[in-house]
Amino acid sequence: MSDLSLTQRATEKKKAAPTFIPADGKVDQDLILSIYDRLDTGVWIFDFDEKRILWGNRKALEITDADSLEELRARDMGSDMSHSVQQRLRQYQQDFTKHDVSFSEIWTLYPKGKAQVLQVVMSGIRLNDGRMALLCEGRPHHEQQPETLRSAEALMHTTVMISLFSEDGHPLYRNTAARAASTDLECTLWDHFIDRALARKVMGVLSDKATTKFVAEVLTCDGLRWHEITIRRCHDAVTGKPAFLLSEIDVTELHQTKERAQYLASHDALTGLSNRTYLKERLLQVRQTAQENDLIATLYLVDLDDFKMVNDTLGHAAGDHLLQLVASRLKELAGNNDIVARLGGDEFLICHLSSPESPRPDWFGQALLQAFATPQMIEGKPRHVGLSIGYVHYPMDGSDIDELMRHADLALYQAKSERKNKCVRYKEFMRKLRDKHLSLKKDLERAIRANEFLLYYQPIACTRSQRIVGAEALLRWQHPERGLVSPDDFVPVAEETGLINEIGTWVSRNVADMQARLKLLDVAVPLSMNVSPKQLSDPKFLKRMETLPKETACNANEISLEITESVLLGDIPHAYETLMKLKAAGYRIVIDDFGTGYSNLAYLHNYPIDGIKIDRMFMSDIATGGAIVRLILSLATALDATVVAEGVETVEQRSWLSENGCNRFQGFLYSKPVPEEQFVDMLQAQIRAAAM
């Protein structure tokens, strides 16, 4: 039995398992052994654990070509035993331990390399030490057709699981691989499948077809596995009754790889939410559910405020943690039938189903805002997470998914531009406004190529002498059809689209050229220009400003860069480092529209601030005593910063400023913004007047 193969032929035969016990004195043991030796059937006992034959009769010695029982018992049957045979023997040991059964099978033994084909009846026998051994009764099998023997060998060693079941699902035969996978000897065909409904469906198919093939989850001794199964209707060769022949291949790894690939293709790897690819299919399902149950389907497009700042200031790990936190929170708030998806970046979508009797149409969106009203823990620190939400109702705001998504995006755009109302429903005017912006964007791109921009200069004058002591460069657009366009009408779109970086490059170059020209004309005064947060965020901006003095021969010390307070409040990554390098390059740093944001002395003191411009809105404060302006002037003194008052329109305002220590003003009282040549004429006229 050192190397064997077998074909299981018959079903189980119930019989009592004998016990191998020495003679008790009442029967002569030698007589019993002589009787065994007279049998024409080989009888032997095999030790499962030791892989050795413990005892065999004379016929067993003949079958195994052994010279003596001692020589047979000394053989190590496991030394060259194949894995399939070892697996089969373990199955016998388990079956005999659990059940009182026997098997009749065809084995091929190879004693000393010579094939011996036997019909063997196997049963369990309990040894004196309590262990289960194998009792074999073998006779020569005379129908030794090559095909039969080879098929038996193949069935023994193949990894394909072959099983035969009766029409009512009871097992008739399992090869080695099938028995190794089976949870129990008595496991029926129906117990094999996890999905009983699938099993019934397969049986229904087999009523019309002879064969069917499918992949199903099955219960095995290794747990739940996925098998590719082929079932064929046939007849049992022993009884002639209808039966089912199954061949199975374990495809669990392939199935899991396929499932994983499908999951990755349809889900966001970071958050586990549905992604944009999978979203459209799911939205169609939700829309159908809404139609069938008379529900309102609402699409909420959610965007995180200042997410880029989190990435840039705290790092991408913190940004990823924030996205995971938001995703988890949104899933908690969503209903069982809702969809929560990440569309990309910091943009999420929730499709929420609600009853038409809901208290207010945006109640769920408001609930989302409320859920993030308190600080969230990010990297162990509490941090406010702001949301902007645009939403649409189906079918009121769109008839198909693409239209609903476009409208939700427009509503989100509106929500991000508002300070108070951060949950906005789509309205028709939003589409018209976006169309206008898109048209303006195309116009701006053409204007950059056609060089349609120009600079006006508004003088900055001394409150006492009323002489020009500086000027602010203000951008204008000479549109071929609309004429002169104010920056208020196009700069917001330029900021949104990123075109402000190209426009800003043109402005800085022309201001530098103007400063160099005024120096040559001997009428030089300090000039200032506005720098947007977008420009400061552009890595190329700093390098351009550092090389500008060499390229234009301008004096950087005579150029001020006007920034908004938001730059100092953490909205711009690396703002401090950028401003310090600009300061080192010679430029002056001035806060524009001071007082409209949130500033305090301790915060401002950390930055290289050279000047402050008081916003025009505070000029009306002068008429009621000027307490706020006095406070700003005191703050500027503490910072050792120069002050320019903007929007001065009356003599009374100028006189008050002069009396209270503000030495510079800017506004229509002195001059509105003028073209470049007119400004040069004003400076030259001032020089001539001083010489008279």
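Just above sits the structure.
Residues numbered from 1 in each chain as written. Predicted model: local features only at pLDDT ≥ 70, side-chain atom pairs only at ≥ 80, totals over all residues. Heavy atoms only, no water.

K.L.:
Honestly, empty space enclosed by the protein in this entry has me stumped. Any pointers?
P.N.:
If a probe as big as a water molecule is rolled over the atoms, it shows which places are left empty. Summed over the entire model, instances satisfying the criterion amount to 4 cavities of 30 Å³ or more. Empty space within the largest cavity amounts to approximately 80 Å³. Within the residue set of the lining of the largest cavity, elements represented by two or more residues are β7 (161-166) and α6 (176-181). Here the lining of the largest cavity gets 3 residues from one element, more than from any other, and that element is β7. Classifying every residue of the lining of the largest cavity by side-chain character gives 5 nonpolar, 5 polar and 2 charged. In this structure, the second largest cavity spans a volume of roughly 40 Å³. Around the second largest cavity, the lining residues are L283, R287, A297, L299, C351, Y394, I401 and L404. Among the elements of the structure, α10 (276-293), β12 (296-304) and α14 (401-417) are those that each provide at least two residues to the lining of the second largest cavity. Split by residue class, the lining of the second largest cavity holds 7 nonpolar, no polar and 1 charged. (1 Å grid on protein atoms, 1.4 Å probe; cavity = no way out; pocket = protein on both sides within 12 Å on 5 of 7 lines; lining within 4 Å. Points joined across faces, edges and corners; volume = space filled by probe spheres on them. Helix = DSSP H or I, 4+ residues; strand = E, 2+ residues; numbered from the N terminus. Nonpolar A, V, L, I, M, F, W, Y, C, P; charged D, E, K, R; others polar.)

K.L.:
What should I look at first to understand the pattern of salt bridges in this one?
P.N.:
Oppositely charged side chains can form a pair if their charged atoms are brought close together. By the definition in use, this model includes 30 salt bridges. When the shortest N-O distance is used, the salt bridge between K213 and E228 registers 3.7 Å. Of this pair, K213 sits in strand β9 (residues 211-220) while E228 is found in strand β10 (residues 223-235), placing the two residues 15 residues apart along the sequence. A relative accessible area of 57% means that K213 is categorised as exposed. For E228, a relative accessible area of 26% translates into the label partly exposed. Of the charged contacts in the structure, one is a salt bridge between R225 and D250, with a shortest N-O distance of 3.0 Å. Residue R225 is found in strand β10, and its partner D250 is found in strand β11 (residues 242-250); the two are separated by 25 residues along the sequence. Exposure remark for D250: the relative accessible area of 32% places this residue in the partly exposed category. Salt bridges sharing common partners tie together D40, R58, K59 and E62. (Salt bridge = Lys/Arg side-chain N within 4 Å of Asp/Glu carboxyl O. Buried < 20%, exposed > 50% of the residue type's maximum accessible area, 1.4 Å probe, protein only.)

K.L.:
Could you clarify how one ought to interpret the packing of α10 against α14 in this entry?
P.N.:
Packed helix pairs are characterised by how far apart their axes lie and by the angle those axes make with each other. Interaxial distance between α10 and α14 falls to 10 Å at its minimum, and their mutual angle equals 115°. In the crossing of α10 with α14, the sense of the turn from one axis to the other is right-handed. Contacts between α10 and α14 involve R276, L279, K280, L283 and L284 from the first element and I401, D402 and M405 from the second. (Axes fitted to C-alpha atoms, helices over the stretch in contact; angles between N-to-C directions. Left-handed = near helix turned anticlockwise from the far one by under 90°. Contact = heavy atoms within 4.5 Å.)

K.L.:
Would you explain the layout of surface pockets in this entry?
P.N.:
Counted as a void, the second largest pocket has a volume near 1,200 Å³. If you trace the second largest pocket, you find 40 residues lining it, with E472, L474, P487, D488 and N530 closest to the centre. Elements that contribute at least two residues to the lining of the second largest pocket include exactly β19 (453-462), β20 (468-479), α16 (487-497), α17 (500-520), β22 (527-530), α18 (533-537), β23 (559-563) and β24 (588-594). The class makeup of the residues in the lining of the second largest pocket is 18 nonpolar, 11 polar and 11 charged.

K.L.:
For this particular structure, what's the right way to read the sheet that holds β7?
P.N.:
In sheet architecture, strand pairing relies on hydrogen bonds along the backbone and comes in two forms, parallel and antiparallel. Within the open sheet, the 5 strands sit side by side as β8-β7-β11-β10-β9. Their pairing is antiparallel. Two strands bound the open sheet, and with one partner strand each, they are β8 (171-174) and β9. Between one strand axis and the next, the sheet turns through 30° on average, direction left out of account. Direction of pairing for β7 relative to β11: antiparallel, over a ladder of 6 bridges. Looking across to β11, one finds that F165 is bridged to F244. In this fold helix α8 (residues 196-206) packs onto β9, β10 and β11, with an angle of close to 160° to the strand it touches most, β9. (Pairing = 2+ DSSP bridges.)

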